[in-house]
Amino acid sequence: MTAIHPQPRPHSRIRWRTPITMVILLGILAGGGWWGWNSLINSSAEPTCVEQKLPNNRLVPKQVVLNVYNGGARAGSAQRVADALKQRGFNIGKISNEPKGNKVDVAELRGVATNSPELALVAGQLNQKAVMVADGRTDHTVDLVIGAGFGSVRLKGMPSVQVPAGTTVCLPVIHTPQPIPSGQNPN
């Protein structure tokens, strides 16, 4: 049997939705790549520390930024230690639980190098010997992590640390909060 009428051919319509979607997605990808490259090349990041010669070749607490972390001590211990060190002139950055969740026995000091003057100055405030950890940070801040065995800070801590004459020390950039003029949005 043969068909009396020939079957109509399907219309060959071009489907434009897929190519248009691909062109839009490629445009977004290229725009994101351009923005990322410009952000990388034209970075406006401020320096994390400033090379300076110290007056009288001494590093004092007001030149050190200190983060205090609780690494297994009782709740509120980090705040108590930070308050005591702030009264001695240290610039307190963060007070929190240890960021990675690590526990320490007594105390741990983290900084750019184990022999850096800022670590020695903070170590001179503690009653117990702290484990020194060099992590190569570029901002020269110090992290003090206190554990369950930490007692307290010394009644009278080290007032300053001697640095070799003529050497420069990279001091952290200390941002002091600026008052917001009335009528301006802080964000």
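In short, a report on the structure. The shown structure was predicted, so the numbers you read here are calculated from the model rather than taken from an experiment.

### What to know about the sheet that holds strand S5 (residues 107–111)
(1) Moving on: Strands sit in the order S4-S3-S7-S5-S6 across an open sheet of five strands; the sheet is mixed. Looking at which strands have only one partner, the edges of the open sheet turn out to be strand S4 (91–97) and strand S6 (131–134). In this sheet, neighbouring strand axes are inclined to one another by 20° on average, regardless of whether the strands run parallel or antiparallel.
(2) Moving on: Pairing of strand S3 (residues 65–70) with strand S7 (residues 142–146), which is carried by five bridges, proceeds in the parallel orientation. Residue pairing in the sheet places Tyr69 in a bridge with Val145 of S7.

### Comments concerning the side chain of Asn67
(1) Moving on: Within the secondary structure, Asn67 sits in strand S3.
(2) Moving on: Judged by its relative accessible area of 8%, Asn67 falls in the buried class.
(3) Moving on: A polar side-chain atom of Asn67 sits 2.9 Å from a polar atom in the side chain of Asp143.

### Points about the nonpolar core
(1) Moving on: With 27 residues, the main nonpolar core has Leu66, Val81, Leu109 and Leu144 as its most contacted residues.
(2) Moving on: The greatest single-element share of this core, amounting to four residues, is contributed by helix H2 (residues 77–87).
(3) Moving on: Discounting chain neighbours no more than four positions away, the residues touching Leu66 are Leu85, Phe90, Asn91, Ile92, Gly93, Lys94, Val122, Val142 and Leu144.

Each value, and the rule that gives it
- Residues numbered from 1 in each chain as written.
- Predicted model: local features only at pLDDT ≥ 70, side-chain atom pairs only at ≥ 80, totals over all residues.
- Heavy atoms only, no water.
- Pairing = 2+ DSSP bridges.
- Helix = DSSP H or I, 4+ residues; strand = E, 2+ residues; numbered from the N terminus.
- Axes fitted to C-alpha atoms, helices over the stretch in contact; angles between N-to-C directions.
- Buried < 20%, exposed > 50% of the residue type's maximum accessible area, 1.4 Å probe, protein only.
- Polar contact = N/O pair within 3.5 Å; in protein donor to acceptor, adjacent residues only side chain to side chain.
- Core = buried A, V, L, I, M, F, W, Y, C linked by side-chain atoms within 4.5 Å.
- Contact = heavy atoms within 4.5 Å.

On their own, these measurements won't tell you what the molecule is for.
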